[in-house]
Amino acid sequence: MKKTTLLKLSGLGALFLFVGSASAEDSYAEDRAQIENLQARYMFALDFRDAEAYAETFTEDGVLDYGAGQIVGRQAIRDLINRMRENQQQRQAADTSDLRPSAGRHNISNIILKVDGNTAVGRAYWFHMGNNNPERAAQLNSFGHYEDELVKVDGEWLFSKRLIMNEQVADWAHKGPNPARLSK
Amino acid sequence: MKKTTLLKLSGLGALFLFVGSASAEDSYAEDRAQIENLQARYMFALDFRDAEAYAETFTEDGVLDYGAGQIVGRQAIRDLINRMRENQQQRQAADTSDLRPSAGRHNISNIILKVDGNTAVGRAYWFHMGNNNPERAAQLNSFGHYEDELVKVDGEWLFSKRLIMNEQVADWAHKGPNPARLSK
Amino acid sequence: MKKTTLLKLSGLGALFLFVGSASAEDSYAEDRAQIENLQARYMFALDFRDAEAYAETFTEDGVLDYGAGQIVGRQAIRDLINRMRENQQQRQAADTSDLRPSAGRHNISNIILKVDGNTAVGRAYWFHMGNNNPERAAQLNSFGHYEDELVKVDGEWLFSKRLIMNEQVADWAHKGPNPARLSK
């Protein structure tokens, strides 16, 4: 992470010294901070069915896999969230109860990130809570974990691949050992 | 984020030293790290009814709005938490069961932060769990999100305004589109 | 946080320059980023009963105290997780139902860190969710908080002591005031 540049420009005694030290921009902290922000923006975009903001967390050819097969590219990912929004709106329109619209929230925790230059590998837990019940009572619905690949494109971290493991669905549940064995 | 220092050092000739480095102190990572710590201190202070520590997470004229109207300034905010503590103590004193005191915990997740110099805008999810039931069993109680404004005062990040959206209360639930559209 | 570099530049005479800049490596952000990663690795290692990865989050003479007394040193800590894995495997082997193996997940939130050189003190909340029920439905099981001491050994942050408070067990529940009063 250390970068030191020594330029000696000769002159009649003039010496120009250019010292570059460890840049905050290429530190682990900086990469992690930006990726954490990305992870959070992803969640808001998902829960509020913001297709554009959601798709923008992926690279142009990014891959999303939540268990039902790979969705490839921003356009296909955008379409997925738009369909989710339309389905939600149709359900709400068909709801004849006096209940207010229910809310759902995905949360991320335990973010592990291993950064190597402009690429990174991530692991994290997720869980979902909602109140889609007659009492609009908060309840935990599901949980699982993410297996992520990220790339830094033009200075911005993006998901190039997100694989979602989901413990509420037998086929999508994790099998095998610790998925966070990325070395340190 | 770049800070450039020009030092003129006398000698047998003029020597110009150009030192350019991104300071860790004014990086996004540093701001985010300090604000995350603030967010966590807020939660402990809230749950343990530590009025002083809670009020200290706000600016002197900071505004707290959890839905019932604005509470303005550290003193009013401190008073609020003190009343919460007194109410809790009275409930515990009036409890004739053999149960141990119940516990409640607010958690924060999905922190989005957009920093601009000495000000920042934040979004984050929160959820509360507790065991205020005869079995002292853990249960999820409520969730929502924060809409925050922060300022850096004498090197310390503080809340200048915190708006709390709460999905368990119809009037305090979020309506409308993605509240995290802050640009990136 | 400041690092000072002494450069000796020859010329017509000796010139000593002090160049001080905040290094990204010894900033609060960098320490916090690495400790957050450690906290996350700990959780994956625990839930997937990865004794080696779990023990590696502690110093060689690290202390773990989850309420039942102190477990001292990596070997004893490793043995604990190995016993947990063996117990889990025995329960699964004895399970005559058609259910898939259940899953459990510990999550961390509200991480407070106070760093002083190569040592740090931490506080954080934890909560556990699982689906060990006939429906394999997600449910919240327990919560509490951590009181941590950390040291940086050969550039790597490790737990030297982790004390686990658990609100589901009367003897292990927190009593008293805000445990996060570490100053800032």
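Residues numbered from 1 in each chain as written. Chains lettered and ligands numbered in written order. Predicted model: local features only at pLDDT ≥ 70, side-chain atom pairs only at ≥ 80, totals over all residues. Heavy atoms only, no water.

Some words on the overall build of chain A
Along the backbone of chain A there are three helices and seven strands. Mapped in sequence order, the helices and strands of chain A form the string β-α-α-β-β-α-β-β-β-β. For chain A, the residues scored as buried account for 53% of the 184 residues in total. For chain A, the exposed area adds up to about 8500 Å²; of that, 51% sits on carbon and sulfur atoms. (Helix = DSSP H or I, 4+ residues; strand = E, 2+ residues; numbered from the N terminus. Buried < 20%, exposed > 50% of the residue type's maximum accessible area, 1.4 Å probe, protein only. Areas by Shrake-Rupley, 256 points an atom, 1.4 Å probe, with all protein chains shown as cover.)

Re the sheet that holds strand β6 (residues 119-130) of chain C
Ordered in space as β4-β3-β8-β7-β6-β5 (chain C), the six strands form an open sheet in which the pairing is mixed. Only two strands of the sheet have a single partner each, and these edge strands are β4 (70-72) and β5 (104-116) of chain C. For this sheet, the mean angle separating the axes of adjacent strands, direction not counted, is 20°. The sheet contact formed by β6(C) and strand β7 (residues 139-153) of chain C spans twelve bridges and is antiparallel. Residue pairing in the sheet places Thr119(C) in a bridge with Val151(C) of β7(C). Relative to β5(C), helix α1 (residues 28-47) of chain B is tilted by about 110°, and along the sheet it contacts β5 and β6 of chain C. Packed onto the sheet, helix α1 (residues 28-47) of chain C meets β3 (58-65), β5, β6, β7 and β8 (156-166) of chain C and runs at close to 155° relative to β5(C). (Pairing = 2+ DSSP bridges. Axes fitted to C-alpha atoms, helices over the stretch in contact; angles between N-to-C directions. Contact = heavy atoms within 4.5 Å.)

Overview of the packing of helix α1 (residues 28-47) of chain A against α1(B)
Where α1(A) meets α1(B), the axes come as close as 8 Å, and the angle between the chain directions of the two elements is 60°. Along this stretch, α1(A) crosses α1(B), giving a crossing that reads as left-handed. The residues of α1(B) that touch α1(A), namely those facing Ala29(A), Glu30(A), Ala33(A), Gln34(A), Glu36(A) and Asn37(A), are Tyr28(B), Ala29(B), Arg32(B) and Glu36(B). Classifying every residue of the contact of α1(A) with α1(B) by side-chain character gives four nonpolar, two polar and four charged. (Left-handed = near helix turned anticlockwise from the far one by under 90°. Nonpolar A, V, L, I, M, F, W, Y, C, P; charged D, E, K, R; others polar.)

Quick notes on the environment of Arg123(A)
By secondary structure assignment, the location of Arg123(A) is in strand β5 (residues 119-130). Here Arg123(A) falls in the buried class, since its relative accessible area comes to 13%. Look past the residues within four positions of Arg123(A) in its chain and what remains in contact with it is Asn110(A), Ile111(A), Ile112(A), Tyr146(A), Glu147(A), Asp148(A), Pro179(A), Ala180(A), Leu182(A) and Phe44(C). One polar contact links the side chain of Arg123(A) to the main-chain carbonyl oxygen of Pro179(A), over a distance of 2.6 Å. (Polar contact = N/O pair within 3.5 Å; in protein donor to acceptor, adjacent residues only side chain to side chain.)

Description of the packing of aromatic side chains
What the rule picks out here adds up to 30 aromatic pairs over all chains. Between Phe44(A) and Phe48(A), the aromatic rings sit 6.2 Å apart at their centres with planes inclined by 15°, giving stacked as the arrangement. Where Tyr42(C) meets Tyr146(C), the ring centres are 6.1 Å apart and the plane angle is 80°; that geometry is what we call edge-to-face. Taken as a pair, Tyr42(C) in helix α1 and Tyr146(C) in strand β7 lie far apart in primary sequence, 104 residues in all. In this pair, the class of Tyr42(C) matches that of Tyr146(C), namely buried. Among the aromatic residues, ring-to-ring pairing joins Tyr42(A), Tyr54(A), Phe58(A), Tyr146(A) and Phe159(A) into one connected group. A cation over an aromatic ring shows up here: Arg162(A) above the ring of Tyr42(A), its NZ or CZ 4.3 Å from the ring centre. The cationic tip of Arg162(B) hangs over the ring face of Tyr146(B); the distance from NZ or CZ to the ring centre is 3.4 Å. (Phe/Tyr/Trp six-rings, centres within 6.5 Å; stacked < 30°, edge-to-face > 60°. Lys NZ or Arg CZ within 6 Å of the ring centre and 35° of its normal.)

Some thoughts on α1(C)
With 20 residues, α1(C) ought to run about 28 Å at 1.5 Å a step, and its terminal C-alpha atoms sit 29 Å apart, in line with that. Arg49(C) sits one or two residues past α1(C) and shows a positive phi near 50°. (Expected span 1.5 Å × (residues − 1).)

A word on the confidence of the model for chain A
Residue and element names in this part refer to chain A. With 85% of its residues at a pLDDT of at least 70, chain A reaches an overall mean of 89. Here residues 1-22 is modelled with pLDDT under 50, and outside its nearest four sequence neighbours on either side it reaches 52 contacts, counting other chains as well. The ipTM value of the predicted complex is 0.87, and its pTM value is 0.88. (pLDDT = per-residue confidence, 0-100.)

Quick word on the side chain of Asn166(C)
Residues and elements named next belong to chain C. Here Asn166 is to be found in strand β8. Owing to a relative accessible area of 14%, Asn166 belongs among the buried residues under this scheme. Polar contacts involving the side chain of Asn166 include one to the main-chain amide nitrogen of Gln168, which spans 2.8 Å. What Asn166 contacts, discounting residues up to four positions off in sequence, is Trp126, Ser142, Phe143, Gly144, Trp172 and Ala173.

What about the sheet that holds strand β6 (residues 119-130) of chain B?
Here six strands make up an open sheet; going across it, the order is β4-β3-β8-β7-β6-β5 (chain B) and the pairing mixed. This sheet does not close on itself; its edge strands, each paired only once, are β4 (70-72) and β5 (104-116) of chain B. Taking the axes of each pair of neighbouring strands and ignoring which way they run, one obtains an average angle of 20° across the sheet. As paired elements, strand β3 (residues 58-65) of chain B and β4(B) share three bridges and run antiparallel to each other. Bridge assignment links Leu64(B) to a residue of β4(B), and that residue is Ile71(B). Those strands touched by α1(A) are β5 and β6 of chain B, and its axis lies near 110° from that of β5(B). Running at roughly 155° to β5(B), α1(B) makes contact with β3, β5, β6, β7 (139-153) and β8 (156-166) of chain B of the sheet.

A few points about the pairing of β7(B)
As defined by bridge partners, β7(B) adjoins β8(B) across ten bridges and the pair is classed as antiparallel. If you follow Tyr146(B) over to β8(B), its bridge partner there is Ile164(B).

Topic: the environment of Arg105(A)
Along the chain, the position of Arg105(A) falls in strand β4 (residues 104-116). Residue classification places Arg105(A) among the buried residues on the basis of a relative accessible area of 4%. For the pair Arg105(A) and Phe44(A), spaced 61 residues apart in sequence, the C-alpha separation works out to 8.1 Å. Sequence-distant contacts of Arg105(A), defined by excluding residues within four places in its chain, comprise Asp47(A), Phe48(A), Phe127(A), His128(A), Met129(A), Tyr125(B), Phe143(B), His145(B), Glu167(B) and His174(B). In terms of polar contacts, Arg105(A) uses its side chain to reach the side chain of Glu167(B), at 3.1 Å.

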